[in-house]
Amino acid sequence: MHLIDASTQLCAVIGNPVEHSLSPAMHNAAFESLNLNYVYLAFRVEDLAGCMAGMRAMASFRGMSVTIPHKIAIMQYLDDIEPMAQHVGCVNTVTRENDRLTGSITDGVGALRAFEQAGISLDGRRILFVGAGGAVRAVAFAFAELARVDRLTILGRTSARVAALVNDLRARTPAFVRSGDLSADLAEALTSHDIIIQGTPIGMFPHNEESPIPSEFLRPEHIVFDMVYRPLKTRLVRAAEDRGCKVILGLEMLVHQATLQFERWTGVPAPLDVMRAAVIQRLQQE
Ligand code: NAP
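Residues numbered from 1 in each chain as written. Predicted model: local features only at pLDDT ≥ 70, side-chain atom pairs only at ≥ 80, totals over all residues. Heavy atoms only, no water.

**Notes on the packing of helix α5 (residues 134-146) against helix α6 (residues 159-172)**
At step 1: Contact geometry of α5 with α6 gives a least axis separation of 11 Å together with a crossing angle of 25°. With respect to each other, α5 and α6 are oriented roughly parallel. α6 is crossed by α5, and the crossing has right-handed handedness. Residues Gly134, Val136, Arg137, Ala140, Phe141, Ala144 and Glu145 of α5 form the contact with α6, whose participating residues are Arg161, Ala164, Leu165, Asp168, Leu169 and Arg172.
At step 2: For the contact of α5 with α6, the residue count by class is seven nonpolar, one polar and five charged. (Axes fitted to C-alpha atoms, helices over the stretch in contact; angles between N-to-C directions. Helix = DSSP H or I, 4+ residues; strand = E, 2+ residues; numbered from the N terminus. Parallel < 35°, antiparallel > 145°, perpendicular 65-115°, else oblique. Left-handed = near helix turned anticlockwise from the far one by under 90°. Contact = heavy atoms within 4.5 Å. Nonpolar A, V, L, I, M, F, W, Y, C, P; charged D, E, K, R; others polar.)

**Regarding the nonpolar core**
At step 1: Membership of the largest hydrophobic core comes to 57 residues, with the highest contact counts inside it found for Met64, Ile74, Phe115, Phe129, Phe143, Ile154 and Ile197.
At step 2: Looking at this core, the element that brings in the most residues is α5, giving eight residues.
At step 3: When sequence neighbours within four positions are dropped, the list of residues in contact with Phe129 reads Val136, Val139, Ala140, Phe143, Leu152, Thr153, Ile154, Leu155 and Ile197.
At step 4: Of all hydrophobic cores here, the second largest spans 23 residues; its members include Cys11, Tyr38, Leu249 and Ala270. (Core = buried A, V, L, I, M, F, W, Y, C linked by side-chain atoms within 4.5 Å. Buried < 20%, exposed > 50% of the residue type's maximum accessible area, 1.4 Å probe, protein only.)

**Some remarks on the site of the ligand**
At step 1: Close to the ligand lie 20 residues; Ala132, Gly134, Ala135, Arg157 and Thr158 are nearest.
At step 2: At a separation of 3.2 Å, an oxygen atom of the ligand approaches a polar backbone atom of Gly133.
At step 3: Here Arg161 contributes a side-chain N or O atom positioned 2.9 Å from an oxygen atom of the ligand.
At step 4: Out of a free accessible area of 920 Å², the ligand has 75% covered by protein chains.
At step 5: Taken together, the elements giving at least two residues each to the shell around the ligand come down to α5 and α9 (250-266).
At step 6: Residue contributions to the shell around the ligand peak at three residues, all from α9. (Near = heavy atom within 4 Å. Polar contact = N/O pair within 3.5 Å; in protein donor to acceptor, adjacent residues only side chain to side chain. Areas by Shrake-Rupley, 256 points an atom, 1.4 Å probe, with all protein chains shown as cover.)

Now the structure itself:
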């Protein structure tokens, strides 16, 4: 690691827990590869007010990632919140600019970048989301605000949660949005949508052999994006590959959203390949 000295800028992730965060590996590898005098640490935080007062008081604090359970509560401690984060209702990135703390959200735009990098256009697409939690919310808002999709359909198991997301999307974005029940409507929805975005924890380690979508429902025309990145290739991803579908791994969203943070904090284009390699190396060690 490069020398840490009196000019080193501090970036961090705060959450509880944070022990399994892959962000330190990604960001420190990027700082090192570009020889930037930055360091990125993970802080388990219970006292959010105290943490924010401390960060604000330190001139070398440059920015941080925010994870569960602080993504909503942190908003009250910030000076500015960007429109996308306001619409989604949470913040995953804090940046210090001219002594002001600005909150933003990079998950959704990270997913957009992953599609862009895979050469997949979203224009005129029918997008099916499986799940209605925080990650789907972030990506659905980015797609609704920044892409020219035909429609977004949200399928979930808890109707109140699906309805809340769909109502927020309809109220705050111009997108055409539909809702449905995950068990009752999945089969029909798969016949009428091009892109499937899996945003539940189903298939996540240690439940590697579970999938929310029976493989016989997949067609080669489907593009499948599974947000889960532990394991790197979920059962759904493996089944989609076997059926001839294009796939995007959850890892790609993770890495691309981190590149957006990196660029905010440093003002320098992020070394995507270095960050991706650092995450893959860490995941393979687990
Ligand atoms: P979350 O807010 O807890 O939402 C989880 C969603 O999945 C909810 O809609 C939940 O439904 C649904 N769900 C959970 N278990 C289910 C089951 N057995 N059957 C049907 N639906 C189920 O979680 P999140 O933050 O959105 O994260 C979701 C997944 O995305 C996680 O695996 C996480 O690791 C991954 N993720 C990836 C990235 C990335 O960068 N690739 C970023 C963020 C999250 P209910 O509302 O009914 O509980």
